[in-house]
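The lines below spell out each chain.
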Amino acid sequence: WQLRLALLDGLKKHDEAYKVALDFIEREPDNLVALEVAVRALASLDKVDEGIDFLSKQIEKNPKNSNAYRMRGQLLVTQKKLDEAVADLTKALEIN
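Residues numbered from 1 in each chain as written. Predicted model: local features only at pLDDT ≥ 70, side-chain atom pairs only at ≥ 80, totals over all residues. Heavy atoms only, no water.

Participant: Got a minute to help me understand unusual backbone geometry in this structure?
Facilitator: What you tend to see is this: most non-glycine residues have negative phi, and most peptide bonds are trans. Located in the positive-phi region is Asp46, a residue other than glycine, with phi close to 55 degrees. Within the element layout of this structure, Asp46 appears in the loop between α3 (32–44) and α4 (48–61). Judged by its relative accessible area of 70%, Asp46 falls in the exposed class. Positive phi values are uncommon outside glycine, yet Lys80 reaches one of about 60 degrees. Within the secondary structure, Lys80 is located in the loop between α5 (66–78) and α6 (82–95). (Helix = DSSP H or I, 4+ residues; strand = E, 2+ residues; numbered from the N terminus. Buried < 20%, exposed > 50% of the residue type's maximum accessible area, 1.4 Å probe, protein only.)

So this is what it looks like as structure tokens:
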């Protein structure tokens, strides 16, 4: 499955990569590869707000998911929401 995700991601088939990543996240909620592909796909599709919402839901499910905080912080930086980004990136470091 990771090979399939990597292939779809590499071929820039973002819609399909997102769907496949969601399927794996349903089965393995803490799967970092699937989480990163899903968020990267949304960002590539200019759906940064959806990416932030998606990560917020992941954080609600697992508040100790430092990767979700890190990725959400990175997306917030792209939107120039720096105070929120710093809070998320700090939280990610505190968890680790």
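That shown, we press on.
Participant: Explanation requested: the packing of α4 against α5 in the structure shown.
Facilitator: For any two helices packed against each other, one specifies the crossing angle of their axes together with the interaxial distance. Running from N to C, α4 and α5 point in directions that differ by 155 degrees, and their axes come no closer than 9 Å. Taken together, α4 and α5 sit at an angle that is classed as roughly antiparallel. The way α4 lies across α5 gives a crossing that is left-handed. Residue-level inspection shows Val48, Gly51, Ile52, Leu55, Ser56, Gln58 and Ile59 of α4 in contact with α5, the latter providing Ala68, Tyr69, Met71, Arg72, Leu75, Leu76 and Thr78. Split into classes, the residues belonging to the contact of α4 with α5 amount to nine nonpolar, four polar and one charged. (Axes fitted to C-alpha atoms, helices over the stretch in contact; angles between N-to-C directions. Parallel < 35°, antiparallel > 145°, perpendicular 65-115°, else oblique. Left-handed = near helix turned anticlockwise from the far one by under 90°. Contact = heavy atoms within 4.5 Å. Nonpolar A, V, L, I, M, F, W, Y, C, P; charged D, E, K, R; others polar.)

Participant: Got a minute to help me understand the packing of aromatic side chains in this structure?
Facilitator: Centre distance and the angle of the planes are the two values used to describe a pair of aromatic rings. The tally for this structure, following the rule as stated, stands at one aromatic pair. Between Tyr18 and Phe54, the aromatic rings sit 6.3 Å apart at their centres with planes inclined by 70 degrees, giving edge-to-face as the arrangement. Placement of the pair is Tyr18 in helix α2 (residues 14–27) and Phe54 in helix α4, with a sequence separation of 36 residues. (Phe/Tyr/Trp six-rings, centres within 6.5 Å; stacked < 30°, edge-to-face > 60°.)

Participant: Looking at this model, I keep getting lost on a nonpolar patch on the surface. Mind explaining?
Facilitator: Where nonpolar side chains cluster on the molecular surface, the patch consists of Val77, Leu82 and Leu89 and spans about 230 Å² of accessible area. On the secondary structure map, Val77 appears in helix α5. Owing to a relative accessible area of 41%, Val77 belongs among the partly exposed residues under this scheme. (Patch = residues over 30% accessible without salt bridge, like charges linked within 9 Å, V, L, I, M, F, W, Y side chains within 5 Å. Areas by Shrake-Rupley, 256 points an atom, 1.4 Å probe, with all protein chains shown as cover. Salt bridge = Lys/Arg side-chain N within 4 Å of Asp/Glu carboxyl O.)

Participant: What's the story with the pattern of salt bridges in this structure? I'm lost.
Facilitator: Pairs may arise between side chains of opposite charge once their charged atoms sit close together. The full count for this structure, using the stated rule, is three salt bridges. Between Arg27 and Asp23 there is a salt bridge, with its nearest N and O atoms 2.5 Å apart. Of this pair, Arg27 and Asp23 are both found in helix α2, four residues apart, which corresponds to roughly one turn of the helix. Residue classification places Asp23 among the partly exposed residues on the basis of a relative accessible area of 40%. Where Arg70 meets Glu36, a salt bridge forms, and the shortest distance between an N and an O atom there is 3.0 Å.

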